[in-house]
Amino acid sequence: MCGIAGFISSDPKYDSAKIVREMLATMRHRGPDQTGVYKDGFVTLGMTRLNIVDNEKHDIPYESFDKSVTVVYNGEIYNHDSLRGAYGNRYEFKTKSDAETVLYHYIGKGVKSFEDYNGMYAFALYDRRKKEVFVVRDKAGEKPLYYCRTESFFAFASEIKAFFVFLKPVFNKECVSYSAYEFNVGEETLFKNIYSLLPGEYLSINRAMGVRKNKYWKIWDNLIDIPDNLPKIEKNLTELIVDAIKLRTKNRVHPYGTFISGGVDSALIACIAKPDYLYTCHYAMDDYNELEYAKLVSKKTKKRLIIVSPTAEDFKRTRKSIIYHLDTPCTWTSFSLWMLLERAHKDVRVILSGDGADEIFAGYHRYHLLHHDDQVRQLKALEKYSYLIDRYYGSAAKRYAKLVNRCENRYDTKVIQYLEKIMEFYFEKMNNNNIHAMGVADFYTSMQELLQFADRINMSFSVENRSPFLDYRLIQFAFSIPAKYKLRNGTTKWILKRIAKKFIPVEITERIDKRGFSAPVNRWFGWDKKGKYDRSEYKRAVYNDWKKVFKVANTR
């Protein structure tokens, strides 16, 4: 696990090695064990390193035996042993690192090698023979990668704050996604001229500063043919889930843990993996209290449950540190996660999480609303009147855009048009299958917020977060099965809960009131208007913290 940075320019006015070292210094928490910088002509690359797979010192950045290819790397590729084994004695590997596997797999297969990785990663390869740099981000977006470019340079980094060693933070007034989602989604960020590389994509940069964007993996391009056979689907999916979890318990030399939220996803991971430590966040309020269910998991796994009980004072104490590490204003469960890691980092360097399960298996209750469309279309009495259904309900994509709209002004035309456009794109890509389309839309939008604060907060404590449900084999399997097995008889994640019953306490599989790691900040600070959760006050507080911490110019 690392932080990476790079500065590409032929302009002699830039001291690129100094710039990259300063960029890396802002991300020291991502890799406290080692730092290294490489420079060759117009290319300067650097990385920090957190030892997870082994405790040995490496020569970083990593170079091929003939010095023709160099890589800076952040992440974990879980199938790297099998990829490395395919080369036999063709190369002499110096380390056990998956970064070195990436290096030689690129030499063997070129850019097609990116498709083979099962894991979370963001890396940059410099091919000296071609005088070309490739900047790559993983298939699900677990590891971050940002970039900025001008006529005279191209720069990239694992975290946005790294750019501020040479750029002034200026507010991006064109970032509509923040108004829509309370978070910047897609390529644009809240900082002007700083962009996010999207999941499953890579950039190629040549000496003339030409930048080309490429897609190497998207869900809709990787669906597989799965016959409608429930026993076989259940068997294959069970095997995939177990393998994805166990694969993420390998390649480590440190103890690992799991955060238990009281829901199916984290319970299933804990009961299969049986980690060294279990942690849960406890708030002594009935509608925020998950402790009873977390204790069931502890009893089932025979592992001690470590209980963290955050307070309003903790929120005041940590809020500026949290926003600094997040880079952008995020709401939701970032505070609870911070408090869990304050405790967990004393014991572990790896955490397994349930990220992605709700998106790939249809876990959100709002999915019921569009699922109703599908049920109406199956009525025999209306089979010849589909045009009436379309006329009555209208576009499913546009209605889903209304459901996910978090703008305080629900009638903001710019936000509505933005959301409708992206929803129509995802619904079309998934052949207008409502359940799959909603999941894919959330996967590439709102889930990216969850992944951002999972990465940033874990890495702020030098802890690696691993997400079994984001194994690309699971993703493509989940979006290829008949959608009826995801949402059925009024039950979300139906197929996952059916499988989970084999491993976890039944009380958890039958829950419909899961809260997750939400914190009662509205109650603490009087933001709970009319007894309802009020997002707007929390959003404003986090946004104001962000402006102050980063001293952002030209904010609205």
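In the block above lies the structure referred to throughout.
Let me begin by describing the structure that accompanies this report. None of the values given here were measured: they were computed from a predicted structure.

Conventions and cut-offs
Residues numbered from 1 in each chain as written. Predicted model: local features only at pLDDT ≥ 70, side-chain atom pairs only at ≥ 80, totals over all residues. Heavy atoms only, no water. Pairing = 2+ DSSP bridges. Helix = DSSP H or I, 4+ residues; strand = E, 2+ residues; numbered from the N terminus. Axes fitted to C-alpha atoms, helices over the stretch in contact; angles between N-to-C directions. Parallel < 35°, antiparallel > 145°, perpendicular 65-115°, else oblique. Left-handed = near helix turned anticlockwise from the far one by under 90°. Contact = heavy atoms within 4.5 Å. Nonpolar A, V, L, I, M, F, W, Y, C, P; charged D, E, K, R; others polar. Buried < 20%, exposed > 50% of the residue type's maximum accessible area, 1.4 Å probe, protein only. Polar contact = N/O pair within 3.5 Å; in protein donor to acceptor, adjacent residues only side chain to side chain. Salt bridge = Lys/Arg side-chain N within 4 Å of Asp/Glu carboxyl O.

1. What about the sheet that holds strand 15 (residues 305–308)?
Here is step 1: In space, the five strands of this open sheet follow the order 15-14-13-16-17, with parallel pairing throughout. At either margin of the open sheet sits one strand with a lone partner, and together these are strand 15 and strand 17 (464–466). Put simply, the sheet's adjacent strands are angled 30 degrees from each other on average, direction ignored.

2. Section: the packing of helix 8 (residues 312–326) against helix 21 (residues 535–550)
Here is step 1: The N-to-C vectors of helix 8 and helix 21 enclose an angle of 60 degrees; their axes lie 9 Å apart at closest approach. When the interaxial angle is binned, helix 8 and helix 21 end up oblique. Crossing handedness for the pair helix 8 and helix 21: right-handed. Contacts between helix 8 and helix 21 involve Phe315, Arg319, Lys320, Ile323 and Tyr324 from the former and Tyr538, Ala541, Val542, Asp545, Trp546, Val549 and Phe550 from the latter.
Here is step 2: Grouping the constituent residues of the contact of helix 8 with helix 21 by class yields nine nonpolar, no polar and three charged.

3. Here's the deal with the environment of Trp546
Here is step 1: As for its placement among the helices and strands, Trp546 is situated in helix 21.
Here is step 2: For Trp546, a relative accessible area of 0% gives the class buried.
Here is step 3: A sequence separation of 277 residues divides Trp546 from Ile269, and the C-alpha atoms of the two residues are 34 Å apart.
Here is step 4: At 2.9 Å, the side chain of Trp546 forms a polar contact with the backbone oxygen of Asp327.

4. A closer look at the pattern of salt bridges
Here is step 1: On inspection of all chains with the given rule, the structure shows 38 salt bridges.
Here is step 2: A salt bridge links Lys502 to Glu234, with the nearest nitrogen and oxygen atoms 3.1 Å apart. You can see Lys502 sitting in the loop between helix 18 (494–500) and helix 19 (506–509) and its partner Glu234 sitting in helix 5 (residues 230–247), a full 268 residues away along the chain.
Here is step 3: Since its relative accessible area comes to 12%, Glu234 is described here as buried.
Here is step 4: With a shortest N-O distance of 2.8 Å, Asp243 and Arg473 are connected by a salt bridge. Here Arg473 lies in helix 17 (residues 472–478) and Asp243 lies in helix 5, a separation of 230 residues in the sequence.
Here is step 5: With a relative accessible area of 34%, Asp243 lands in the partly exposed category.
Here is step 6: Overall, Arg473 belongs to the partly exposed group, its relative accessible area being 23%.

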